[in-house]
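Residues per chain, in single letters:
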Amino acid sequence: MSTRQLTLDYDGEQVTFTVEGAVTRGADATLLDGDDNLIAGRPWAEAGFVVAPFLAPDEYRRLAEGVRLTLRARIAAAGIDVPADFALERYHEVVATDEAHAAVSARGPWCHPVGDLGVPVEAISQRVSEILGVRVSTTPPHAEFPEHFCYRVVRPRSRDNNPPHRDVWLDRLRHAVNIYVPFAGSTPRSSLPLVRGSHRWKESEIERTAEGARVNGMTFTVPSVVGAAHPLVLERPNPGLNEVLVFSPYLIHGGAFNQQTDRTRVSLEMRFWRLR
Ligand SMILES: O=C(O)CCC(=O)C(=O)O
Ligand SMILES: [Fe+2]
């Protein structure tokens, strides 16, 4: 067991993450080289991500409304009064204390079966397939991991965000591609940061927790980066409304501190695998 401090720079504002857990380093190899590389051959393969237009406007509206209703139901189920016209970016005013947010969080993972999306999941898979030039779907290669979508709620200046990580340190998240779709409060000061090109870094070049990290007292399923042989420069591609950020889960990403004081960030998170 050890406690490490990871200090990241957000537009000149230093934010320190206290990371607890045994620290390790992997093999002298690039994990992606042995896995299904869904971004191979794309003009943005070296960067590891791209921002692209997403759905038809009406589909995007239905998707966003589906997430709004899902989150509204979740808040209500935690016994908190929530107006019918609840706006996603006002979440922190409706769920106004850490205790209230803990009660909403305690209802389990912020994930749902893809059937609960406001649009047919195929509309999303098709668009992601177009961007990749590879047919993908939400069906994982391993049956025990159900097809679902997740959404993320990052309150202003909170510690709700996960630390910088690679999803693929969890075996069940390998061979995939990820998307980030903003609905509310997602700006250059809150959206998902990532480290350009880091999907090519060798495991031996990254120092990380061996298990899911305990960061600022919260436990995450993914291990946390604590250091690297390359500079950890986080950039925020900041997709706009009805744009999608498609990124490799082999990239270091996360640490999405919400620097804003007045807006909660709400976004969709989904994963896709090669259609077989
Ligand atoms: O949206 C975020 O801040 C984190 C997203 C993430 O870690 C993921 O999509 O795997
Ligand atoms: Fe992630």
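Calculation notes
Residues numbered from 1 in each chain as written. Chains lettered and ligands numbered in written order. Predicted model: local features only at pLDDT ≥ 70, side-chain atom pairs only at ≥ 80, totals over all residues. Heavy atoms only, no water. Helix = DSSP H or I, 4+ residues; strand = E, 2+ residues; numbered from the N terminus. Rg over C-alpha atoms; globule rule 2.2 N^0.38 Å. Buried < 20%, exposed > 50% of the residue type's maximum accessible area, 1.4 Å probe, protein only. Contact = heavy atoms within 4.5 Å. Areas by Shrake-Rupley, 256 points an atom, 1.4 Å probe, with all protein chains shown as cover. Disulfide = S-S within 2.5 Å. 1 Å grid on protein atoms, 1.4 Å probe; cavity = no way out; pocket = protein on both sides within 12 Å on 5 of 7 lines; lining within 4 Å. Points joined across faces, edges and corners; volume = space filled by probe spheres on them. Nonpolar A, V, L, I, M, F, W, Y, C, P; charged D, E, K, R; others polar. Donors = N, O, S within 2.8 Å, 3.2 Å for Na, K, Ca; no water.

Asks: How should I be thinking about the overall build of the protein in this particular structure?
Replies: The helix and strand inventory of the protein stands at 4 helices and 14 strands. In terms of C-alpha radius of gyration, the protein reaches 18 Å, essentially the compact-globule figure of 19 Å for 276 residues. Taken along its principal axes, the extent of the C-alpha atoms in the protein is 55 × 45 × 35 Å. In the protein, which comprises 276 residues, the proportion classed as buried is 55%. Within the protein, residue pairs in contact and separated by at least 24 positions form 79% of the contacts whose partners lie at least 6 positions apart. Taken as a whole, the protein presents about 11,900 Å² of accessible surface, with 50% of it coming from carbon and sulfur.

Asks: So what exactly am I meant to see when it comes to the state of the cysteines here?
Replies: A covalent bond between the sulfur atoms of two cysteines is referred to as a disulfide. Tallied over the entire structure, the rule returns 1 disulfide. Residue Cys111 pairs covalently with Cys150 via a disulfide, S to S 2.1 Å. Negative torsions about the S-S bond denote left-handed disulfides, and the value of about 95° found for Cys111 with Cys150 makes this one right-handed. Note that Cys111 is positioned in strand S5 (residues 111-113) and Cys150 in strand S7 (residues 148-154), a separation of 39 residues in sequence. Judged by relative accessible area, Cys150 falls into the buried class, the value being 8%.

Asks: Is there a simple way to think about the layout of surface pockets in this case?
Replies: Gaps left between atoms are located by rolling a probe of water-molecule size over the structure's atoms. As a volume, the largest pocket reaches approximately 1,000 Å³. Trp110, Arg152, Asn162, Thr221 and Glu269 are, among the 39 residues lining the largest pocket, the residues nearest its centre. Counting only elements with at least two residues in the lining of the largest pocket, the list comes to helix H3 (98-105), S7, strand S8 (177-184), strand S11 (218-219) and strand S14 (265-274). Top contributing element to the lining of the largest pocket by residue count: S7, with 6 residues. Residue composition of the lining of the largest pocket, by class: 19 nonpolar, 13 polar and 7 charged.

Asks: Could you clarify how one ought to interpret the coordination of the iron ion (ligand 2) in this entry?
Replies: Tetrahedral metal sites with four donors have an ideal angle of 109.5 degrees; octahedral sites with six donors have ideal angles of 90 or 180 degrees. Protein coordination at the iron ion (ligand 2) comes from His165 (NE2), Asp167 (OD) and His253 (NE2), with a distance range of 2.1 Å. If you list the donors of the iron ion (ligand 2) from N- to C-terminus, the spacing comes out as H-x1-D-x85-H.

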